[in-house]
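The chain contents come next:
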Number of protein chains: 2
Amino acid sequence: MNKREFKDRVYGELARITKSLANPHRLEIIELLAQGDFSVEQIAEQTSLPIANASQHLQVLKQAQLVDVNRQGNFIYYRLANSNVFKAWKALRELGVERIATIEKLVKDFRQSKFKFESVTIEGLLQKLESGKITILDVRPTTEFNKGRIANAISIPIDELKQRINELPKRSEIIAYCRGPFCVYADEAVAVLNKAGYKATRLEEGFPDWSLMGLPIEMN
Amino acid sequence: MNKREFKDRVYGELARITKSLANPHRLEIIELLAQGDFSVEQIAEQTSLPIANASQHLQVLKQAQLVDVNRQGNFIYYRLANSNVFKAWKALRELGVERIATIEKLVKDFRQSKFKFESVTIEGLLQKLESGKITILDVRPTTEFNKGRIANAISIPIDELKQRINELPKRSEIIAYCRGPFCVYADEAVAVLNKAGYKATRLEEGFPDWSLMGLPIEMN
DNA sequence: AAACTATTCAATAAATTTATTGAATAGTTT
DNA sequence: AAACTATTCAATAAATTTATTGAATAGTTT
């Protein structure tokens, strides 16, 4: 094997794995699976895909060894193969946000159209935690909260927030978080909370980002 | 714009930028440009591509805003738009190496076929630097050395190593490095040096990895 | 064992990406 | 201004990816 042949093979393999990520639906699936494992049905629902379609995309990810599979009862659950998959997604996400003005504009416009546009980064949250009284609110579905969450976070899924809003302390500043920077649950939560007179801000990143940084987490 | 539309657009944009990376030749170009700027002609030569072909791939990268262009005399030079591009490449590279056994095997086989298979990581080099007497040898072409190098590295391009080998101290352990983990210049150098009785090892990563870590660099 | 259920498979058409080729162009040098 | 040069453009065919549809399957529950 000569040098060129060697390179062709190495870059060929790397392109293969990159191609498996290079699709809008598959990127969305990756981000979802960063929260924990999901059945094909759940994945299809969350991504608005027909089931056969979701399955097909999952096969591509499986082929590339980016996801692991296991069956429980009648359902087949997919999960990310390991943290490097999320790291690659995160690097692409950050490259995209920084390079493509369209993305930042989309996020900004969407938030402003319905919610207050303001957020705090993990960095900022850590500072706030040192100084003041902060309530961290997880507004993802309970199943995801159970699979892993920021330590000491309170769980109130976004769907239940209006009814259960009085469970939250009035005095404390509330930081709401969800799946990641493109997840809008936290935005919706901040809108509800502000309207009810709470001081609330969204966390820019999501649980997987927190976890990757090695910060304290809990799970059931 | 509803939630689904918002997500479709965001992930659509992210997929677009990911697609621009998802090609063996373009990945190779990215890795090359991590060393500094190169003309289309040089890029074509380094990647064994016809010039029209290299140009076409560069247009794709330019469209995705991953590279910047500037003309000098008759030549047009391309460079990476910023360090996030290299970060994304690095994340994909590491994902690939970890997930695809084929890649590690390819690298291992290729090295073993011609050279001693042994290397030290940047981490390991830093430790060695604290304790012992180390000569860091840059075997990339001089132009790349001039654009940026590990601080205190000596430059002997791989093509000149045999003639100039006596410029190197006999006593000191030599760590040879080049462009990155898939670059074989350092392997070739180690082979030459070991044969001549030097104690030499290759650095696993390349100059861009060192630079990204914020470690001391120099340039002309 | 039969019935059921979630998921995968297979075939196909449409869309996208890629390599190839030769011509065109933008800018520089003479 | 003419000649030159590096790069880009444009057209095309082949290869790959994707969505869609309906059937098949593997395994579980009854």
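Given the structure is predicted, the values throughout are model-derived calculations rather than measurements.

With respect to the nonpolar core
Then, in step 1: Counting residues in each nonpolar core, the largest one holds 74 residues, and the members touching the most others are Leu21 of chain A together with Leu21 of chain B.
Then, in step 2: In this structure, Ile156, Ile174, Ala176 and Val192 of chain A belong to the second largest nonpolar core, which totals 19 residues.

Quick notes on the packing of helix H2 (residues 24-33) of chain A against helix H4 (residues 51-63) of chain A
Residue and element names in this part refer to chain A.
Then, in step 1: Between H2 and H4, whose axes approach to 10 Å, the crossing angle comes to 75°. What the angle tells us is that H2 and H4 run roughly perpendicular. Together, His25, Arg26, Ile29 and Ile30 of H2 and His57, Leu58, Val60 and Leu61 of H4 make up the contact between the two elements.
Then, in step 2: For the contact of H2 with H4, the class distribution of residues is 5 nonpolar, 2 polar and 1 charged.

Describing the domain arrangement of chain A
Residues and elements named next belong to chain A.
Then, in step 1: With domains assigned, chain A is organised as domain 1 (3-85) and domain 2 (101-218).
Then, in step 2: Taken together, the contact between domain 1 and domain 2 spans 9 residues of the former and 11 residues of the latter.
Then, in step 3: Looking only at domain 1, the three residues that lose the most surface to domain 2 are Glu31, Gln35 and Gln46, adding up to 63% of its buried area.
Then, in step 4: In this structure, Asp37 and Lys147 form a salt bridge, with 3.6 Å as the shortest nitrogen-oxygen distance.
Then, in step 5: At the surface where domain 1 touches domain 2, the tally comes to 4 residue pairs in polar contact (both at pLDDT 80 or more).

Here's the deal with the protein's contact with DNA strand D
Then, in step 1: Neighbouring DNA strand D are 23 residues; Asn23 and His57 of chain A together with Glu41, Ser55 and Tyr78 of chain B lie closest to it.
Then, in step 2: A breakdown of the atoms of DNA strand D within 4 Å of the protein gives sugar and phosphate a share of 77%.
Then, in step 3: Asn74 of chain A is positioned with one of its side-chain polar atoms (N or O) 3.4 Å from a sugar or linking oxygen of DNA strand D.
Then, in step 4: At the level of elements, H2 and H4 of chain A together with helix H3 (40-46), helix H4 (51-63) and strand E3 (75-80) of chain B are the ones that each hand at least two residues to the surface near DNA strand D.
Then, in step 5: Class assignment for the residues of the surface near DNA strand D results in 8 nonpolar, 11 polar and 4 charged.

Regarding the sheet that holds strand E4 (residues 119-120) of chain A
All names here are of chain A.
Then, in step 1: The strand order E4-E9-E8-E5-E7 describes an open sheet built from 5 strands, whose pairing is parallel. Each having just a single partner strand, E4 and strand E7 (154-155) make up the two edges of the open sheet.
Then, in step 2: Inspection of the sheet shows strand E5 (residues 134-138) paired to strand E8 (residues 173-177) by 5 bridges, in the parallel sense. Bridge pairing links Asp138 to Tyr177 in E8.

Topic: the pairing of E8 of chain A
Residues in a regular strand project their side chains so that they alternate between the two faces of the sheet.
Residue and element names in this part refer to chain A.
Then, in step 1: Across the 5 residues of E8, 5 count as buried, placing the element largely inside the fold.
Then, in step 2: Sheet analysis places E8 next to strand E9 (residues 200-203), joined by 3 bridges and oriented parallel. Counterpart to Ala176 in the pairing with E9 is Arg202.

Some words on the packing of aromatic side chains
Then, in step 1: Under the criterion given, the structure shown has 8 aromatic pairs over all chains.
Then, in step 2: Ring centres of Phe110 of chain A and Phe6 of chain B lie 4.3 Å apart, and the angle between their planes is 10°; this geometry places the pair in the stacked category. Highlighted residues: Phe110 of chain A in helix H6 (residues 101-114) and Phe6 of chain B in helix H1 (residues 3-21), drawn from two different chains.
Then, in step 3: By relative accessible area, which is 3% here, Phe110 of chain A ends up buried.

Comments concerning the interface of chain A and chain B
The accessible area lost on association of the parts is a frequent measure of interface size.
Then, in step 1: Each partner contributes residues to the interface: chain A has 55 residues there, and chain B has 55 residues.
Then, in step 2: Roughly 5,100 Å² is buried in total at the junction of chain A and chain B, and carbon and sulfur atoms are behind 69% of that figure.
Then, in step 3: Together, Phe6, Tyr11 and Arg99 of chain A form the three largest contributors to the area buried by chain A at its contact with chain B, with a combined 14%.
Then, in step 4: In this structure, the connection of chain A to chain B is made through 4 salt bridges.
Then, in step 5: One salt bridge in this structure joins Glu188 of chain A and Lys3 of chain B, with 3.9 Å as the shortest N-O distance.

Brief notes about unusual backbone geometry
Residues and elements named next belong to chain A.
Then, in step 1: We note that Asn152 has phi near 70°; this positive angle belongs to a residue other than glycine.
Then, in step 2: Looking at where Asn152 falls in the secondary structure, it is placed in the loop between strand E6 (149-150) and E7.
Then, in step 3: Under the relative-accessibility criterion, Asn152 is labelled exposed at 63%.

Some words on the protein's contact with DNA strand C
Then, in step 1: Near DNA strand C you find 23 residues, and of these Glu41, Ser55 and Tyr78 of chain A together with Asn23 and His57 of chain B are the closest.
Then, in step 2: A share of 77% of the atoms of DNA strand C within 4 Å of the protein falls on sugar and phosphate groups.
Then, in step 3: One nitrogen or oxygen atom from the side chain of His57 of chain B is found 2.8 Å from a phosphate oxygen belonging to DNA strand C.
Then, in step 4: Residue Asn74 of chain B places a side-chain N or O atom 3.4 Å away from a sugar or linking oxygen belonging to DNA strand C.
Then, in step 5: Of all the elements in the fold, those that place two or more residues in the surface near DNA strand C are helix H3 (40-47), H4 and strand E3 (75-80) of chain A together with helix H2 (24-33) and H4 of chain B.
Then, in step 6: Its residues assigned to classes, the surface near DNA strand C shows 8 nonpolar, 11 polar and 4 charged.

Regarding the sheet that holds strand E7 (residues 154-155) of chain B
Residue and element names in this part refer to chain B.
Then, in step 1: The 5 strands lie next to each other as E4-E9-E8-E5-E7, forming an open sheet whose pairing is parallel. Of all strands in the sheet, those with a lone pairing partner are strand E4 (119-120) and E7, marking the two edges.
Then, in step 2: In the packing of helix H10 (residues 185-195) onto the sheet, contacts are made with strand E5 (134-138), strand E8 (173-177) and strand E9 (200-203), and the angle to E9 comes to roughly 175°.

Some points on the relation of the copies chain A and chain B
Then, in step 1: By a simple turn and slide, chain A fits onto chain B: the slide is 0.0 Å along the axis, the RMSD is 0.0 Å, and the turn is 180°. The two molecules are tied by a two-fold rotation axis, judged by turn and shift.
Then, in step 2: An overlap of 100% is found between the interface residues of chain A and their copies at the interface of chain B, pointing to a shared contact surface.

Some remarks on the pattern of salt bridges
All names here are of chain A.
Then, in step 1: Scanning the entire structure with this criterion turns up 44 salt bridges over all chains.
Then, in step 2: Taking the shortest distance from any N to any O, the salt bridge between Arg9 and Glu5 comes out at 3.6 Å. Here Arg9 and its partner Glu5 are both found in helix H1 (residues 3-21), 4 residues apart, which amounts to about one turn of the helix.
Then, in step 3: On the basis of relative accessibility, which here comes to 35%, the residue Glu5 falls in the partly exposed class.

So, how was this worked out
Residues numbered from 1 in each chain as written. Chains lettered and ligands numbered in written order. Predicted model: local features only at pLDDT ≥ 70, side-chain atom pairs only at ≥ 80, totals over all residues. Heavy atoms only, no water. Core = buried A, V, L, I, M, F, W, Y, C linked by side-chain atoms within 4.5 Å. Buried < 20%, exposed > 50% of the residue type's maximum accessible area, 1.4 Å probe, protein only. Axes fitted to C-alpha atoms, helices over the stretch in contact; angles between N-to-C directions. Helix = DSSP H or I, 4+ residues; strand = E, 2+ residues; numbered from the N terminus. Parallel < 35°, antiparallel > 145°, perpendicular 65-115°, else oblique. Contact = heavy atoms within 4.5 Å. Nonpolar A, V, L, I, M, F, W, Y, C, P; charged D, E, K, R; others polar. Domains from an automatic or database assignment. Buried area = accessible area lost by both parts, 1.4 Å probe. Salt bridge = Lys/Arg side-chain N within 4 Å of Asp/Glu carboxyl O. Polar contact = N/O pair within 3.5 Å; in protein donor to acceptor, adjacent residues only side chain to side chain. Near = heavy atom within 4 Å. Pairing = 2+ DSSP bridges. Phe/Tyr/Trp six-rings, centres within 6.5 Å; stacked < 30°, edge-to-face > 60°. Least-squares fit on C-alpha atoms with pLDDT ≥ 70 in both.

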